[in-house]
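Residues per chain are reported as follows:
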Amino acid sequence: HLLLGASGRNTGIVCTGVDAPMGSLERCLIRDSISQIRPFCKQMNIPIRECGSLVCTWTPEQTDPLQKIAAESWDAGDKQVAILDAIAVQQMEPAISKRVAGAVHIPGEIVVDPWLFSIAFAVRARGNGAKIYTNFEFDSENSFFDASTSTFNKKEVRGTRNANFDPITPASLKAKIIINAAGIYADTVQLQTFGIPPPPFEMKPRRGQYILLRQSSSSPLLLRPIQSIPTQHSKGIFVFSSLYDQIIIGPTATDQISRPDETVDPATATELVLHGRQVLRDFDKTLLMESNALSTTSPSYIGEYVGIRTATTHRDYQIMVYHKERWLTVAGIRSTGLTASLGIGNYVARCIENLEGERTEATSLKKCIPVTNPLPPLSSLVEQFHKSGEERSVTINQHTYCVTHPITYFGWKARTGLANK
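Residues numbered from 1 in each chain as written. Predicted model: local features only at pLDDT ≥ 70, side-chain atom pairs only at ≥ 80, totals over all residues. Heavy atoms only, no water.

(A) Geometry of the overall build of the protein. When helices and strands are tallied, the protein shows ten helices and 20 strands. Each of the 421 residues in the protein was classed as buried or not, and the buried ones make up 51%. Counting only carbon and sulfur atoms, one obtains 53% of the accessible surface of the protein, whose full area is about 19,500 Å². (Helix = DSSP H or I, 4+ residues; strand = E, 2+ residues; numbered from the N terminus. Buried < 20%, exposed > 50% of the residue type's maximum accessible area, 1.4 Å probe, protein only. Areas by Shrake-Rupley, 256 points an atom, 1.4 Å probe, with all protein chains shown as cover.)

Set out below in structure tokens:
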């Protein structure tokens, strides 16, 4: 299925890139992307909440970083960013703890449905002629580069398919250009491909764990994502409400050796509950919890999930072009990937144009006007989801998609928030 990796385990918060290093490719692509996200969501009928966010400090001695965050935002062009004192923060966000000492209000950040936002790319691509095969595993031993025709051949390994979700998968594929976007396995894919230079980076799996909680109907809903001051290692743990009125706490940021291990850690879940207790006012009353231990039998418990972020040995995105081999690697797309996705697409498209050389105006990617097929109304998708039973799927433009993101899955299953409209 699509969106089983990092793109199916994120927060669904569109950020402004304030924590991305100045002058980095990451920040550049984020800035390019956020100028297009609102029009894209409107065109594709993707629900969003334009709420802004609060980067908070919890000790009066830690106000200097707020000045730095605000200054970087202003330099990037976000002139509406403001530094707030504790009283202003509590007036803006009644659900926040009285412990808050101050915050930077970033009005440009928004909350989206993370599954619908990402699946819209597949819907749009297919509407413009793309074919997507999800049951085709790269086979390095039987794949090769044919220099005479400038194509790569890739052989199918598994040989099976899910008839409900995939078209018939061919035994091999040929392409003029290969884009290695293999996520946490991008470095191994490149290392195993004969004729391609070894990657100048190594993937470093970083696990992010989340908990989803149900709040009391009598408590005020958290309006804006609350985050701590970012570090070089992480944006920090968010506390926010989804479009489906779930209270979500996460992600953590823990380096690990295993690439596929998404096992939920009970001790980490307890830490997340403790963090939420420190951030939210009246945590016990709001979430009907009496201890830091997360119990699956608690009335507030919805679920948990872990996402493996594609960190590398470098701080920046790792997007590189190998002209002779007609190969692009798009790797190291860390937690800001959802936000930067449209900018990444633009950048990769320009790289492809350069590989293709001079093009006529009729065939130039810049001149192509994509066909836009908006997603069905959310209420229609929720009904489809429930009627599909255990498949937990929806059909969009004659293609069936399994709902893989926990935020969307649990929200639609419970018919809460926007899923109850």
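Don't stop here, the text continues.
(B) Geometry of the packing of helix H4 (residues 114–127) against helix H8 (residues 337–356). Contact geometry of H4 with H8 gives a least axis separation of 11 Å together with a crossing angle of 20°. By the criterion of interaxial angle, the relationship of H4 to H8 is roughly parallel. In terms of crossing hand, the pair formed by H4 and H8 is left-handed. On the side of H4, the interface is formed by Pro114, Phe117 and Phe121, while H8 contributes Leu338, Ser341 and Leu342. (Axes fitted to C-alpha atoms, helices over the stretch in contact; angles between N-to-C directions. Parallel < 35°, antiparallel > 145°, perpendicular 65-115°, else oblique. Left-handed = near helix turned anticlockwise from the far one by under 90°. Contact = heavy atoms within 4.5 Å.)

(C) Main features of the sheet that holds strand E6 (residues 110–112). Pairing is antiparallel across the open sheet formed by three strands, whose spatial order is E1-E6-E2. The sheet is open, and its two edges are formed by strand E1 (13–14) and strand E2 (48–50), each paired on a single side. (Pairing = 2+ DSSP bridges.)

(D) Broad picture of the sheet that holds strand E10 (residues 178–180). Strand order in the open sheet formed by three strands is E10-E18-E17, with mixed pairing between adjacent strands. In this open sheet, the two strands that pair with only one neighbour each are E10 and strand E17 (318–322). Strand-to-strand, the axes of this sheet are offset by a mean angle of 15°, without reference to chain direction. The pairing of E17 with strand E18 (residues 327–331) spans five bridges and is classified as antiparallel.

(E) Highlighting the nonpolar core. If you look at the biggest cluster of nonpolar residues, it comprises 60 residues, and the most contacted ones within it are Ile46, Trp115, Leu116, Tyr317, Ile344 and Trp412. When residues of this core are assigned to their parent elements, the largest contribution, eight residues, is made by helix H1 (residues 25–44). Not counting residues up to four positions away in its chain, the partners in contact with Tyr317 are Leu25, Glu26, Leu29, Ile30, Ala331, Gly332, Ile333, Arg334, Thr336, Gly337, Ala340 and Ile344. Judged by nonpolar contacts, the second largest core, of 25 residues, contains Ala95, Val100, Ala103 and Val279. (Core = buried A, V, L, I, M, F, W, Y, C linked by side-chain atoms within 4.5 Å.)

(F) Here's a closer look at the pattern of salt bridges. The full count for this structure, using the stated rule, is eleven salt bridges. Across the pair Glu202 and Lys204 runs a salt bridge, and its minimum N-O distance is 3.7 Å. Residues Arg206 and Asp255 are paired through a salt bridge, measuring 2.8 Å at the closest nitrogen-oxygen approach. With Arg206 in strand E11 (residues 203–214) and Asp255 in strand E15 (residues 254–255), this pair connects stretches of sequence that are 49 residues apart. (Salt bridge = Lys/Arg side-chain N within 4 Å of Asp/Glu carboxyl O.)

(G) Focus on the environment of Thr310. Locating Thr310 in the fold gives a position in strand E16 (residues 301–312). A relative accessible area of 7% places Thr310 in the buried class. For Thr310 and Tyr185, which are 125 residues apart along the polypeptide, the C-alpha to C-alpha distance reads 8.6 Å. Other than its neighbours up to four places away in sequence, Thr310 contacts Gly183, Ile184, Met203, Gly332, Ile333 and Arg334. Separated by 2.8 Å, the side chain of Thr310 and the backbone oxygen of Ile333 make a polar contact. (Polar contact = N/O pair within 3.5 Å; in protein donor to acceptor, adjacent residues only side chain to side chain.)

(H) Inspection of the packing of aromatic side chains at higher detail. Scanning the entire structure with this criterion turns up eight aromatic pairs. Their ring planes at 80° and their centres at 5.9 Å tell us that Trp115 and Trp412 sit as a pair that is edge-to-face. Of this pair, Trp115 sits in helix H4 while Trp412 sits in helix H10 (residues 406–414), and the two are 297 residues apart along the sequence. The burial state of Trp115 is the same as that of Trp412; both residues are buried. On the basis of an interplanar angle of 80° and a centroid distance of 5.7 Å, the ring pair of Phe385 and Tyr409 is categorised as edge-to-face. Of this pair, Phe385 sits in helix H9 (residues 378–387) while Tyr409 sits in helix H10, and the two are 24 residues apart along the sequence. Three or more aromatic residues link up through ring pairs in this structure, and these residues are Trp115, Phe385, Tyr409, Phe410 and Trp412. Across from the ring centre of Tyr409, 5.0 Å away, lies the NZ or CZ of Arg392, which sits over that ring. (Phe/Tyr/Trp six-rings, centres within 6.5 Å; stacked < 30°, edge-to-face > 60°. Lys NZ or Arg CZ within 6 Å of the ring centre and 35° of its normal.)

(I) Main features of the packing of H4 against H10. Orientation of H4 relative to H10, taken along the N-to-C sense of each, is 115°, at an axis distance of 7 Å. Within the contact between the two elements, H4 uses Pro114, Trp115 and Leu116 and H10 uses Ile407, Thr408 and Trp412. Residue composition of the contact of H4 with H10, grouped by class: five nonpolar, one polar and no charged. (Nonpolar A, V, L, I, M, F, W, Y, C, P; charged D, E, K, R; others polar.)

(J) Here's a closer look at the pairing of strand E20 (residues 399–402). Sheet analysis places strand E19 (residues 393–396) next to E20, joined by four bridges and oriented antiparallel. Considered in E20, the bridge of Ser393 is made with Cys402. Remark: two residues form the turn of the hairpin made by E19 and E20, two consecutive strands paired antiparallel; Asn397 in that turn has positive phi of roughly 50°.

The quantities given are spatial measurements derived from coordinates; they are silent on function.
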